[in-house]
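If you want the building blocks of each chain, they are given just below.
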Amino acid sequence: MTDALRLRGVCKTFGSGERAVHALRDLDLDVARGEMVAVRGRSGSGKTTMLHVIGALESLDAGSVTVEGRDVGALDEEGRLALRRDVVAYVFQSFGLIPELTAEENVSIPLRLRRMPPRERDRRVADILEEVGLGPHTRQTPRQLSGGQHQRVSLARALVAQPAVLLADEPTGQLDSETSAEIVALIRSTIAARSMTALLTTHDPVIVGYADRALELTDGHLSDASTPTAGRPRATVRRIVGGVSPETDGDS
Ligand SMILES: Nc1ncnc2c1ncn2[C@@H]1O[C@H](COP(=O)(O)OP(=O)(O)OP(=O)(O)O)[C@@H](O)[C@H]1O
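The name recorded for the chain in an unreviewed UniProt entry is ABC transporter ATP-binding protein, from Mobilicoccus caccae.

Topic: the overall build of the chain
The helix and strand tally for the chain stands at eight helices and 10 strands. For the chain, with 252 residues in total, the buried portion stands at 40%. Summarising the internal contacts of the chain: among those between residues at least 6 apart in sequence, 69% fall at separations of at least 24.

Some words on the sheet that holds strand β1 (residues 3-14)
In a beta sheet, neighbouring strands pair by backbone hydrogen bonds and run either parallel or antiparallel. Spatially, β2-β1-β4-β5 is the arrangement adopted by the four strands of the open sheet, whose pairing is antiparallel. Looking along the sheet, the strands with just one partner apiece sit at the ends: β2 (21-32) and β5 (70-71). Sheet topology note: the β1/strand β4 (residues 62-67) ladder contains five bridges and is antiparallel. Looking at the pairing, R6 lines up with T66 of β4.

Structural notes on the site of the ligand
In the region of the ligand, the neighbouring residues are F14, G15, V21, A23, G41, S43, G44, S45, G46, K47, T48 and T49. Among the elements that take part in the shell around the ligand, helix α1 (residues 47-54) stands out by supplying three residues, more than any other. The class makeup of the residues in the shell around the ligand is three nonpolar, eight polar and one charged.

A look at the packing of helix α5 (residues 147-159) against helix α6 (residues 177-193)
Where α5 contacts α6, the axes come no closer than 10 Å and their chain directions differ by 15 degrees. It follows that α5 is roughly parallel to α6 by the angle criterion. The interaxial crossing formed by α5 with α6 has right-handed handedness. Mapping the contact onto sequence places G147, G148, Q151, R152, L155 and L159 in α5 and T179, E182, I183, L186, I187 and T190 in α6. Residue composition of the contact of α5 with α6, by class: five nonpolar, five polar and two charged.

Here's the deal with the nonpolar core
For soluble globular proteins, the rule of thumb is that nonpolar side chains tend to be buried together. By size, the foremost hydrophobic cluster in this structure holds 64 residues, and its most contacted members are A156, L166, L167, A198, L199 and A211. In this view, L166 contacts A89, V91, A158, I191, M196 and A198; residues no more than four positions away in its chain are not counted.

Here we look at unusual backbone geometry
In this model, R115 sits at a positive phi of 55 degrees, which is unusual for a non-glycine residue. Locating R115 in the fold gives a position in the loop between α3 (103-113) and α4 (118-131). Look at R115 and you get exposed, because 7 C-beta atoms sit within 10 Å. With a phi close to 45 degrees, E170 is a non-glycine residue in the positive phi region. With respect to the element layout, E170 can be found in the loop between β7 (165-169) and α6. Exposure remark for E170: the 20 C-beta atoms within 10 Å place this residue in the buried category.

Focus: the pairing of strand β6 (residues 88-92)
Regular strands have side chains that alternate between both faces of the sheet. Burial runs high along β6: four of the five residues are buried. Where β6 meets β7, five bridges bridge the pair, whose relative direction is parallel. Bridge pairing in β7 places A89 opposite L166.

Some words on the packing of α3 against α5
Between α3 and α5, the shortest axis-to-axis distance is 7 Å and the interhelical angle comes to 25 degrees. On the basis of their axis angle, the class for α3 and α5 is roughly parallel. Crossing handedness for the pair α3 and α5: right-handed. Contacts from A103, N106, V107, I109 and P110 of α3 reach α5 at V153, A156 and R157. When grouped by side-chain class, the residues that make up the contact of α3 with α5 number six nonpolar, one polar and one charged.

Notes on α3
Three or more residues of α3 are buried, namely A103, E104, N106, V107, S108, P110 and L111. Tucked inside the fold, the buried residues of α3 contact α4 and α5. At the C-terminal side of α3, R115 shows a positive phi close to 55 degrees.

Regarding the environment of V165
Considering the arrangement of structural elements, one finds V165 in strand β7. Linking V165 and M196, residues 31 residues apart in sequence, is a C-alpha distance of 5.8 Å. If sequence neighbours within four positions are ignored, V165 has contacts with A4, L5, V67, E68, V87, V88, M196 and T197.

Quick notes on the rules
Residues numbered from 1 in each chain as written. Predicted model: local features only at pLDDT ≥ 70, side-chain atom pairs only at ≥ 80, totals over all residues. Helix = DSSP H or I, 4+ residues; strand = E, 2+ residues; numbered from the N terminus. Buried ≥ 20, exposed ≤ 12 C-beta atoms within 10 Å, placed from the backbone. Contact = placed C-beta atoms within 7 Å. Pairing = 2+ DSSP bridges. Near = placed C-beta within 6 Å. Nonpolar A, V, L, I, M, F, W, Y, C, P; charged D, E, K, R; others polar. Axes fitted to C-alpha atoms, helices over the stretch in contact; angles between N-to-C directions. Parallel < 35°, antiparallel > 145°, perpendicular 65-115°, else oblique. Left-handed = near helix turned anticlockwise from the far one by under 90°. Core = buried A, V, L, I, M, F, W, Y, C linked by C-beta atoms within 7 Å.

Structure (structure tokens):
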């Protein structure tokens, strides 16, 4: 299977001298197309930095990052913009929505950047909002939506332009455990329907339960964490069967 993501010997240091912070140290990672990989790690272990170098939001100090065959370190500014517009999409813990815009206006932004004709754009936006369960809320602004609904809008915005790779930085970090399980299940089903690749960082065992593979980031290095059963959300199954809360099922 072709790799969607391939990182080799990636190093990223912030600052210098005694104040240097080695966020990523000689980091290797392979993610196959269509795979959903969860990366756990304590606060400050380098999870966000890893996503940023993959999405060309941060430069590398050493090593190489290949995203869908593109050598990210070799891209010029235009190439980096194209990567973020056409290949990767982000979902953030803090949702990142524009508060003055409605759900449909927020979701339409990536299509406006591509200058998609309005009729096609409106159809795509309506379809994706329906798919993420926000059909009745398209005209509401973020202030009128719950945390789970915010993340559904963020996911719709990330998916609407049909990127190959979803990068999600603690996507359930601001959600309660039940809503987290709903959002992770939605991420899983929407990326599977599109044969997309997903790399998610998390402290949340619910996410790990939905991933094909889990890795641990410790002081800038990755190692295997566990091998959950693909697409079999242990937490949700237990919750339905035994009434057990997802946050009690699994390690963190
Ligand atoms: N722009 C920056 N300037 C200086 N140091 C930074 C910068 N960005 C990140 N760091 C440092 O790099 C290290 C890794 O940060 P990063 O945000 O990648 O960790 P994280 O695992 O995502 O943490 P969290 O779970 O708290 O979000 C931390 O020590 C952080 O303070």
